[in-house]
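Residue-level listing of the chains:
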Amino acid sequence: MAQTKFVLEEKDIPQAWYNIIPDLPVPLPPVMHPGTKQPIGPGDLAPIFPTGLIMQEVSGERYVEIPEEVREVYKLWRPTPLYRAYRLEKALDTPARIYYKYEGVSPAGSHKPNTAVAQAYYNRQEGVKRLATETGAGQWGSALSFACKQFGLECKVYMVKVSYQQKPYRRSMMETWGASVVASPSPDTNAGRGILAEFPNSPGSLGIAISEAVEDAVSRPDTKYSLGSVLNHVLMHQTVIGQECKAMFEKMGESPDMVIGCVGGGSSFGGIAFPFVKDKLEGKLDVQLIAVEPEAAPSITRGVYTYDFGDTVGLTPLVKMFTLGHTFVPPSIHAGGLRYHGMAPLISLLCEQGIIEARAVHQTAVFEAALLFAQAEGIIPAPEPSHAIKVAIDEAIKCRESGQTKTILFNLCGHGYFDMAAYDAYLSGRLEDYAYPKEEIEAAMRSIPQL
Ligand SMILES: *Cc1c(COP(=O)(O)O)cnc(C)c1O
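Residues numbered from 1 in each chain as written. Predicted model: local features only at pLDDT ≥ 70, side-chain atom pairs only at ≥ 80, totals over all residues. Heavy atoms only, no water.

**Q** Would you mind going over the packing of aromatic side chains in detail, with residue names and values included?
**A** If you walk through the whole model with that rule in mind, you get 16 aromatic pairs. On the numbers, 5.8 Å between centres and 45 degrees between planes, the contact of Phe49 with Tyr225 is tilted. Residue Phe49 is located in the loop between helix 1 (42-45) and helix 2 (51-57), and its partner Tyr225 is located in strand 9 (residues 223-225); the two are separated by 176 residues in the primary sequence. Residues Phe49 and Tyr225 agree in their burial class; the two are buried. (Phe/Tyr/Trp six-rings, centres within 6.5 Å; stacked < 30°, edge-to-face > 60°. Helix = DSSP H or I, 4+ residues; strand = E, 2+ residues; numbered from the N terminus. Buried < 20%, exposed > 50% of the residue type's maximum accessible area, 1.4 Å probe, protein only.)

**Q** Can you break down the layout of surface pockets residue by residue, with the values?
**A** Taken as a whole, the largest pocket spans an internal volume of roughly 800 Å³. Taken together, 37 residues make up the lining of the largest pocket; nearest its centre are Val31, Ile40, Leu45, Pro317 and Val319. Going through the elements one at a time, helix 1, helix 2, helix 10 (206-218), helix 11 (232-237) and strand 13 (318-323) are the ones with two or more residues in the lining of the largest pocket. At 4 residues, the largest contribution of residues to the lining of the largest pocket is made by helix 10. Here the residues of the lining of the largest pocket sort into 27 nonpolar, 6 polar and 4 charged. Of the pockets and cavities examined, the second largest pocket occupies roughly 210 Å³. Lining the second largest pocket, in full, are Ile195, Glu198, Phe199, Ser202, Pro203, Ile208, Thr312, Thr327 and Val329. Taken together, the residues that form the lining of the second largest pocket break down as 5 nonpolar, 3 polar and 1 charged. (1 Å grid on protein atoms, 1.4 Å probe; cavity = no way out; pocket = protein on both sides within 12 Å on 5 of 7 lines; lining within 4 Å. Points joined across faces, edges and corners; volume = space filled by probe spheres on them. Nonpolar A, V, L, I, M, F, W, Y, C, P; charged D, E, K, R; others polar.)

**Q** Tell me what's going on with the pairing of strand 11 (residues 288-294), and back it up with residues and numbers.
**A** The side chains of a regular strand alternate, first on one face of the sheet and then on the other. When you tally the buried positions in strand 11, you get 6 out of 7 residues, the bulk of the element. Bridge count for strand 10 (residues 258-262) against strand 11 is 5 bridges, and the pairing is parallel. By the bridge assignment for strand 11, Met258 is matched with Gln288. Strand direction decides the pairing type here: strand 11 and strand 14 (residues 357-361), joined by 5 bridges, are parallel. Paired with Val292 across the bridge in strand 14 is Arg359. (Pairing = 2+ DSSP bridges.)

**Q** An account of the nonpolar core is requested, with residue identities and associated values reported.
**A** Membership of the largest hydrophobic core comes to 72 residues, with the highest contact counts inside it found for Trp17, Leu289 and Ile347. Counting residues in each nonpolar core, the second largest holds 28 residues, with Val361, Ala376, Ile408 and Phe410 among its members. (Core = buried A, V, L, I, M, F, W, Y, C linked by side-chain atoms within 4.5 Å.)

**Q** Can you lay out the site of the ligand for me, pointing to particular residues and giving the numbers?
**A** Among the 17 residues in the neighbourhood of the ligand, the closest are listed as Lys112, Ser229, Gly264, Ser267 and Ser268. Note that an oxygen atom of the ligand is positioned 3.2 Å from one of the side-chain N or O atoms of His111. Protein contacts shield 97% of the accessible area of the ligand, which totals 380 Å² for the unbound molecule. If you map the ligand onto the pockets, it falls in the largest cavity. Residues that form the shell around the ligand fall into these classes: 4 nonpolar, 11 polar and 2 charged. (Near = heavy atom within 4 Å. Polar contact = N/O pair within 3.5 Å; in protein donor to acceptor, adjacent residues only side chain to side chain. Areas by Shrake-Rupley, 256 points an atom, 1.4 Å probe, with all protein chains shown as cover. Sits in = over half its atoms within 2 Å of the grid points.)

What follows is the structure, given as structure tokens:
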């Protein structure tokens, strides 16, 4: 029987995170101050982030050592397994070789603890007592709740209202780890009260919840803010995923022709892809890198590459990224983690440079792919990585039609065991596709600030 599950040993957990900044083909555009419209300095971020993370955000060092205490917590689930999807290949009758890296084995059930643990560690190092954050689908909130408990910090989570209602057990999970959770927009902040006054039935969005969490952090001296995606240091923490994949492929004497991942803010995709991007930029590996986003929030495929705010209200610095306009509230698709108006600046730049390509898919096609995967491989995937599964399946079918034997790697960045309401909607025929929200996006595009 051929080997199905490939695992490294505990000692093979990476010793350092990979920082792609020094290897970029062109420099990353500076982050701008929302008031002065001039590049910001590390000091401007001090009210919301600890120095250790600010230094990582702007670091030019290629490898940043992972603190021993962080590696100790990583040992609870890392190294994560790499699977060869023989049963899916058979179901598709494809000559393609399909592999997936499974991050759902972490305590919170996704890749998010890779950065949550690191962020909680650096905050604790600097005497921070409490972290405030937002969560979309609930995965980031659970990861940070778990990480805060590991390092003795309090945690306040602003959870996008539609997810708060769709996923009550994600909230219970966060509360089990000791966090306090409110539905966003909430009456706890000025930003939340403002939106509730104007739109009492707002389903919330990541952009709104970020506004609330940032306001919470700047208004309390014991509190910092923590972001689960988008930022350079977050994508860097996630590179443990791609480094483990590379090490395993090297052991097997193989390498991927294609690396596929879903993108909300871009952290799980950056995490699996960046170590391979390095080889591609150095001309050592001919690999296609595919970021998959929802048709309902298509920031790369339909957005513009320009400076915009990271949140809805306009409290954050301006970053150059693919954006649909910061006031755009994406339709309430079930892949809550992908409902974001922007994209990580690092992913955006690599797309702009043609090193990474992007595709957009509709949610019913995504769930169809998720079911096919679950029935073949057993694991029930989260709706977010099911976007990657959909494209991996499309590519495997192309291989069948052309007779090519490509090696496809995708990131199964989370399980779907808290997403059964979404599966229920699909199975009972209640799941609908949202048309590309053209008017809403055009209106939001006009909210993009001029520099
Ligand atoms: C948060 C999340 C996402 C979206 O965020 P990225 O930063 O793009 O990875 C996707 N999948 C899962 C399972 C998540 O938890």
